[in-house]
Amino acid sequence: MFKVVSIYTAKGGLHDMITAQFQEVMSDVQVCELTDAALLGRVMEDKGVEKPTMRRMLHLFQAAAQSGADLVLSSCSTVGDAAELAQKVYDFPLIRIDEAMVTKAVREYSRIAVLASVETTLGPTERFLNSMAEKEGKKITVQKYLAQGAIEAAFSGDGEKHNELVLAKAMEIQNMDVILLAQASLMTMEKSVAEHTGLPTLSSPRLCAELIAEKRAEGLL
């Protein structure tokens, strides 16, 4: 059994959604959960990943690896900078959930819209896109779109309102080639956003699962 330990920064149903996607792609995968439920709120309050949060994330990644993980998954794009640092300082396999999505967007499109309901996810995603574009030798344009009030609606238990606000913001996107749903939790909006905007729309969990399966097949994991 291939053991993935997925790191979460808030409570919710994301673990079940990610697990379902991974098990559809790989029959021999076990996805375990490691959550620090206060982290996302801390990052939103700080308007970014400050040093205390960075240290907490690094401890989480290390704990996941020490638990016997074959792969550590950073499932929160908001803390993508912490995952990038961890990839540099640790030797164990660690992947950002949005790596495959970002790679696909950069390789196949030039004008990329990044859509989020959490403001602090936008910056790390934009930096990841630009870093990937530099590696690929590709010139891209990135535009960021925030669904104001959506995450507050979700935190209050009004998921329907959250989705309405995300979709309304998506409908404002013009002159872009693709829409990236910056948070893994927005995967449930992928079909709806694509249908209403007429634009290719990417979410991260399925693409991440496919990337991991590909790396395993190549003997890289």
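Higher on the page you've got the structure.
All values reported here derive from a predicted model rather than from experimental measurement. (Residues numbered from 1 in each chain as written. Predicted model: local features only at pLDDT ≥ 70, side-chain atom pairs only at ≥ 80, totals over all residues. Heavy atoms only, no water.)

Caption draft 1: Broad picture of the overall build of the protein. When its secondary structure is counted, the protein shows ten helices and eight strands. Here the protein, with 221 residues, has 50% of them falling under the buried criterion. In the protein, the share of contacts with a sequence separation of at least 24, taken over all contacts with a separation of at least 6, comes to 70%. About 10500 Å² of surface is accessible on the protein, with carbon and sulfur atoms providing 46% of the total. With 23 positive and 30 negative side-chain charges, the protein shows a spacing of 4 Å between the two charge centroids. (Helix = DSSP H or I, 4+ residues; strand = E, 2+ residues; numbered from the N terminus. Buried < 20%, exposed > 50% of the residue type's maximum accessible area, 1.4 Å probe, protein only. Contact = heavy atoms within 4.5 Å. Areas by Shrake-Rupley, 256 points an atom, 1.4 Å probe, with all protein chains shown as cover. Lys, Arg positive; Asp, Glu negative; His and termini not counted. Charge placed at Lys NZ, Arg CZ, Asp CG, Glu CD.)

Caption draft 2: Summary view of the state of the cysteines. Using the criterion set out here, one finds zero disulfides in the structure. The thiol of cysteine 32 is not disulfide-bonded; the next cysteine sulfur, from cysteine 208, is found 15 Å away. Free cysteine: cysteine 208, not disulfide-bonded; nearest cysteine sulfur from cysteine 76 at 14 Å. What makes cysteine 208 buried here is its relative accessible area of 1%. (Disulfide = S-S within 2.5 Å.)

Caption draft 3: View of the layout of surface pockets. A volume near 580 Å³ is recorded for the largest pocket. Residue assignment for the lining of the largest pocket shows that the elements contributing at least two residues are α1 (14-25), α7 (150-155) and α8 (159-170). Here the residues of the lining of the largest pocket are counted per class, giving 13 nonpolar, 15 polar and two charged. Of the voids in this model, the second largest pocket is the one considered here, and its volume is about 350 Å³. Residue lining of the second largest pocket: 18 residues in total, with Gln87, Leu94, Glu99, Phe128 and Lys135 positioned closest to the centre. For the lining of the second largest pocket, the secondary-structure elements that each account for two or more residues are α4 (80-89), β4 (94-96) and α6 (122-136). Sorting elements by how many residues they give to the lining of the second largest pocket places α6 first, with six residues. (1 Å grid on protein atoms, 1.4 Å probe; cavity = no way out; pocket = protein on both sides within 12 Å on 5 of 7 lines; lining within 4 Å. Points joined across faces, edges and corners; volume = space filled by probe spheres on them. Nonpolar A, V, L, I, M, F, W, Y, C, P; charged D, E, K, R; others polar.)

Caption draft 4: Geometry of the packing of aromatic side chains. One pass over the full model with this rule turns up one aromatic pair. Between tyrosine 90 and phenylalanine 92 the ring centres are 4.9 Å apart and the planes differ by 20°, which places this aromatic pair in the stacked class. Tyrosine 90 sits in the buried class, given a relative accessible area of 19%. A cation sits over an aromatic face here: arginine 96 above phenylalanine 128, 3.7 Å from the ring centre. (Phe/Tyr/Trp six-rings, centres within 6.5 Å; stacked < 30°, edge-to-face > 60°. Lys NZ or Arg CZ within 6 Å of the ring centre and 35° of its normal.)

Caption draft 5: Molecular detail of the environment of valine 49. Here valine 49 is to be found in the loop between α2 (39-46) and α3 (51-66). Residue valine 49 is classed as partly exposed on the basis of its relative accessible area of 22%.

Caption draft 6: Region of interest: the sheet that holds strand β8 (residues 201-202). Pairing is parallel in the open sheet, where four strands are placed in the order β6-β5-β7-β8. Every other strand in the sheet has two partners, leaving β6 (141-146) and β8 as the edge strands with one partner each. Sheet topology note: the strand β5 (residues 111-116)/β6 ladder contains six bridges and is parallel. What sits directly across from isoleucine 112, in β6, is valine 142. (Pairing = 2+ DSSP bridges.)

Caption draft 7: Geometry of the pairing of strand β7 (residues 178-181). Residues Val178 and Leu180 of β7 are buried on one face, and the alternating residues Ile179 and Leu181, pointing to the opposite face, are buried as well. Sheet analysis places β5 next to β7, joined by four bridges and oriented parallel. Each residue of the ladder has a partner; that of alanine 113, found in β7, is isoleucine 179. The pairing of β7 with β8 spans two bridges and is classified as parallel. Paired with isoleucine 179 across the two strands is threonine 201, which belongs to β8. The parallel pair β7 and β8 is bridged by helix α9 (residues 190-197), and the resulting crossover is right-handed. (Right-handed = clockwise from strand over helix to strand, strands pointing away.)

Caption draft 8: Examining the side chain of serine 74 more closely. Residue position: serine 74 is located in strand β3 (residues 71-74). Its relative accessible area of 3% is what places serine 74 among the buried residues. Aside from chain neighbours lying at most four places away, what touches serine 74 is Ile7, Phe61, Val79, Ala83, Ile95, Arg96 and Ile97.

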